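What the coordinates show
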Amino acid sequence: MTVDDYPDTASGPFPSPPSSFTDGDDRDIEVRAFDGDTDALVEMYVDFSQEDRAQGVPPVGEDRVRSWLDTLTGEGHNVVAWHDDRAVGHATLVPDGSGGYELAIFVHQDYQGAGIGTRLLRNLLGHGADQGVERVWLTVERWNRAAVALYEKVGFETVDTESFELEMAIRV
Amino acid sequence: MKVLLGIGGSEDSLDALSKTAERAREAGDDLTVAIVENPESDRTPDEIEDAVERVLDEYDIDASVRHVSGDPGSQLVTIAESEDFDQIALGGGERSPMGKLRLGHIAEFVLLNAHVSVTLVR
């Protein structure tokens, strides 16, 4: 499964991790490329709010989470948002086998609405571009307006509206 | 129960075939397999028919198999309603590269339009 349509022009440039900022709730957050600390991500996902799951991810239960993360970190490019030594957000680019990358982003429920998603997304695209990624796509449930607005803000365009989920794409 | 299985050759539709055949044998369902033209699948109708025959043999059930041309979703809904089927069974979607579950276009159409029960097999 891939996307055929991408915007003609590239967005960006996007920042490369690491980058630090103070979030909307006055917490010091640092976004870094994934460095192999899978346990910290597992901890975040095992505690992830079930209402915030989308299209069957993240999976439920530690074993499934670990096996899913093995795929993402083994094949893809990943950035993690840290609050001290706690992983609070994660964004990933996974190769689709046709030269493009599928993007997904997750922010722990205690850290949503504080601007972390936007930073994480921009740093992921910067990190991806550093690694030679050019075409990125994602799907999002069409009623998830907050997510759609976030993706549009960083430059994603909607390329397919015919399914239950919207398909969006960007060139970086 | 009279069950109409739609199969277009995607991986999830082949999986749905096996599970629906197994279920039909256990429950004594009256199964009809409709081979549809799914533009999202690489398999030809003949290849799909071979796979269908193999699975029906494996489960030793007697199902009628037919080829359906035209728009798959609307054809399945029409057949189910005009021939008094109790249920339409379909593949329940495939996984994206990063593991998101996505319904096929045929399943989306059938879910929104069928007046009979729809089973998405996972």
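Look a little higher up for the structure.
Residues numbered from 1 in each chain as written. Chains lettered and ligands numbered in written order. Predicted model: local features only at pLDDT ≥ 70, side-chain atom pairs only at ≥ 80, totals over all residues.

1. Things to note about the overall build of chain A
The helix and strand tally for chain A stands at 4 helices and 8 strands. Along chain A, helices and strands appear, N-terminal first, in the series β-β-α-α-β-β-β-α-β-α-β-β. Relative to the globule expectation of 16 Å for 172 residues, the C-alpha radius of gyration of chain A, 15 Å, shows essentially globular dimensions. Its C-alpha atoms give chain A principal-axis dimensions of roughly 40 × 30 × 30 Å. Here the contacts in chain A between residues at least 6 apart in sequence split such that 65% fall between residues at least 24 apart. (Helix = DSSP H or I, 4+ residues; strand = E, 2+ residues; numbered from the N terminus. Rg over C-alpha atoms; globule rule 2.2 N^0.38 Å. Contact = placed C-beta atoms within 7 Å.)

2. Here we look at the overall build of chain B
When helices and strands are counted, chain B shows 4 helices and 7 strands. For chain B, the sequential pattern of α-helices and β-strands runs β-α-β-α-β-α-β-β-β-α-β. For 122 residues, the compact-globule estimate of 2.2 N^0.38 gives 14 Å, and the C-alpha radius of gyration of chain B, at 13 Å, lies within 12% of that figure. A principal-axis box enclosing the C-alpha atoms of chain B has dimensions of 40 × 30 × 25 Å. Out of the 122 residues in chain B, the part that is buried amounts to 39%. Across chain B, the fraction of contacts at a sequence separation of at least 24, relative to all contacts at a separation of at least 6, is 78%. (Buried ≥ 20, exposed ≤ 12 C-beta atoms within 10 Å, placed from the backbone.)

3. Here we look at the interface of chain B and chain A
Between chain B and chain A, the contact holds 11 residues from the first and 17 residues from the second. If you list the elements that add at least two residues to the side of chain B that touches chain A, you get β6 (101–102) and α4 (105–113) of chain B. Residues of the side of chain B that touches chain A, tallied by class, amount to 4 nonpolar, 3 polar and 4 charged. (Nonpolar A, V, L, I, M, F, W, Y, C, P; charged D, E, K, R; others polar.)

4. Regarding the sheet that holds strand β1 (residues 2–7) of chain B
Residues and elements named next belong to chain B. As summarised here, the arrangement of the 5 strands in space is β3-β2-β1-β4-β7, forming an open sheet in which the pairing is parallel. Of all the strands in the sheet, the pair left with one neighbour each is β3 (64–67) and β7 (117–121). Taken pair by pair, the neighbouring strands of this sheet meet at an average axis angle of 25 degrees, ignoring direction. Where strand β2 (residues 30–35) meets β3, 4 bridges bridge the pair, whose relative direction is parallel. If you follow V33 over to β3, its bridge partner there is V65. Across the sheet, α4 lies against β1, β4 (87–91) and β7, angled at about 155 degrees from β4, the strand it touches most. (Pairing = 2+ DSSP bridges. Axes fitted to C-alpha atoms, helices over the stretch in contact; angles between N-to-C directions.)

5. Here's the deal with the nonpolar core
Ranked by size, the top nonpolar core spans 44 residues in total, and within it L103, I105, L120, V136 and M168 of chain A carry the most contacts. In terms of residue count, strand β5 (residues 101–107) of chain A provides more of this core than any other element does, 6 residues in total. L4, I48, A89 and A107 of chain B belong to the second-largest nonpolar core, a separate cluster that totals 28 residues. (Core = buried A, V, L, I, M, F, W, Y, C linked by C-beta atoms within 7 Å.)

6. Topic: unusual backbone geometry
Excluding glycine, residues mostly have negative phi values, and the peptide bonds linking residues are mostly trans. Cis geometry is adopted by the peptide bond preceding P13 of chain A, which originates at G12 of chain A and carries an omega value of 5 degrees. Note on placement: P13 of chain A falls in the segment before β1 (19–22). In this structure, P18 of chain A follows P17 of chain A across a cis peptide bond, with omega equal to 5 degrees. Assignment of secondary structure puts P18 of chain A in the segment before β1. For Q55 of chain A, which is not glycine, the phi dihedral falls at a positive 50 degrees. Tracing the backbone shows Q55 of chain A in the loop between α1 (38–46) and α2 (62–75). The phi angle at D60 of chain B is positive, at roughly 55 degrees, despite the residue not being glycine. The class of D60 of chain B is exposed, set by 8 C-beta atoms lying within 10 Å.

7. With respect to the sheet that holds strand β3 (residues 77–83) of chain A
Residue and element names in this part refer to chain A. As summarised here, the arrangement of the 8 strands in space is β1-β2-β3-β4-β5-β6-β8-β7, forming an open sheet in which the pairing is mixed. Edge positions in the sheet fall to β1 and β7 (157–160), since each of these pairs with one other strand and no more. Recorded for the sheet is a direction-independent mean angle of 25 degrees between the axes of neighbouring strands. Judged from the 4 bridges that link them, β1 and strand β2 (residues 28–33) form a sheet pairing that is antiparallel. When the bridges of β2 are listed, S20 appears paired with E30.

8. Re the packing of α1 of chain A against α2 of chain A
Packed helices, taken two at a time, are described by their axes: the angle between them and the distance between them. All names here are of chain A. Two elements in contact, α1 and α2, have axes whose closest approach is 10 Å; the angle formed by their N-to-C orientations is 130 degrees. One element, α1, and the other, α2, form an angle in the oblique class. Between α1 and α2 lies a crossing whose hand is right-handed. Along the contact surface, α1 presents T38, L41, V42, Y45 and V46, while α2 presents E62, V65, R66, L69 and T73. (Parallel < 35°, antiparallel > 145°, perpendicular 65-115°, else oblique. Left-handed = near helix turned anticlockwise from the far one by under 90°.)

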